[in-house]
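Per-entry structural report
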Amino acid sequence: TRAFLKSWEGCFRLKPRTTIGRHPGADIALQLLSVRFPCSPVDCRSAGVADHHAALQFAPSDNSCVLQDFNSLHGTFVNSCQVRNAAVTVSPGDILRFGAGGASFHLVVDGATQVRMGAAAQGRV
């Protein structure tokens, strides 16, 4: 099973642990004005992203995905609900945003039903 973060400009395949931030060593390196995917020349707008902003842990065995915010100043958002210094389960179809004005990414898992339901409605935040 494979999982991806997709934006309107491209996609990034998730590893078992994918780091997100401005740091050049991040798996998804978000810059102040753009994000550069290592496998393609894709740029996405992003603002307020910390050097070590967040991580996604993906378990292909049960298609589960956990998002961990590293106490980022401008926050991590799941379906517009802010997550701060916490780990939350995210589901296929959820919309993730890193930083207050950052690009939105759609979580997609191959073979999984893409359900979009607010994190607060699910009691996850």
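Residues numbered from 1 in each chain as written. Predicted model: local features only at pLDDT ≥ 70, side-chain atom pairs only at ≥ 80, totals over all residues. Heavy atoms only, no water.

Looking at an unreviewed UniProt entry, one finds the chain named FHAD1 protein, with Cepphus grylle as its source organism.

1. Observations regarding the pattern of salt bridges
As a reminder, the rule being used: A carboxyl oxygen of Asp or Glu within 4 Å of a side-chain nitrogen of Lys or Arg is what we treat as a salt bridge. Only DSSP runs of H or I covering at least 4 residues are called helices, and only runs of E covering at least 2 are called strands; the numbering of each starts at the N terminus. To sort residues, take the accessible area from a 1.4 Å probe on protein chains only and compare it with the maximum for the residue type: under 20% means buried, over 50% means exposed, and anything in between is partly exposed.
In total, this model carries three salt bridges according to the counting rule given. A salt bridge links Arg2 to Asp110; the shortest N-O distance between them is 2.8 Å. Taken as a pair, Arg2 in the segment before β1 (3-7) and Asp110 in the segment after β12 (104-109) lie far apart in primary sequence, 108 residues in all. Salt-bridge contacts for Asp51 lead to Arg22; the nearest nitrogen and oxygen are separated by 3.2 Å. Here Asp51 is found in the loop between β5 (35-36) and β6 (54-59), whereas its partner Arg22 is found in the loop between β3 (17-21) and β4 (28-30), with 29 residues between them in sequence. Using a relative accessible area of 38% as the deciding quantity, one classes Asp51 as partly exposed.

2. What to know about the environment of Pro60
Here Pro60 is to be found in the loop between β6 and β7 (64-69). For Pro60, a relative accessible area of 39% puts it in the partly exposed group. Remark: the alpha-carbon pair of Pro60 and Thr1, spanning 59 residues in sequence, is separated by 5.4 Å.

3. What to know about unusual backbone geometry
Working note: non-glycine residues mostly have negative phi, and peptide bonds are mostly trans. Even without being a glycine, Asn71 presents a positive backbone phi close to 55 degrees. Note on placement: Asn71 falls in the loop between β7 and β8 (76-78). Within the chain, Asn85 stands out as a residue other than glycine whose phi angle is a positive 50 degrees. Topologically, Asn85 is positioned in the loop between β9 (81-83) and β10 (87-90).

4. Focus on the nonpolar core
This is how the line gets drawn: To define a nonpolar core, start from buried Ala, Val, Leu, Ile, Met, Phe, Trp, Tyr and Cys residues and group those joined through side-chain atoms within 4.5 Å.
Grouped together as the largest cluster of nonpolar side chains are 23 residues, with contacts concentrated most on Leu5, Leu14, Leu56, Leu67, Val90, Leu96 and Phe98. Looking at this core, the elements that each hand over two or more residues are β1, β4, β6, β7, β10, β11 (95-98) and β12.

5. A word on the environment of Ala55
Secondary-structure assignment places Ala55 in strand β6. Look at Ala55 and you get buried, because its relative accessible area is 5%. Placed 12 residues apart in sequence, Ala55 and Leu67 show a C-alpha to C-alpha distance of 5.9 Å.

6. Topic: the sheet that holds strand β2 (residues 10-13)
For clarity, the cut-off: By the convention used here, strands pair only if DSSP detects at least 2 bridges between them. Fitting a line to C-alpha atoms yields each axis, with helices limited to the stretch in contact; the angle taken between N-to-C directions then spans 0 to 180 degrees.
With antiparallel pairing, six strands are arranged side by side in an open sheet as β2-β1-β12-β11-β8-β9. With one partner strand each, in any of the chains shown, β2 and β9 form the two edges of the open sheet. The mean inter-strand angle of the sheet, taken between neighbouring strand axes irrespective of direction, is 30 degrees. In this sheet, β12 lies alongside β11 in antiparallel orientation, the contact comprising three bridges. Paired with Arg97 across the bridge in β12 is Ser104.

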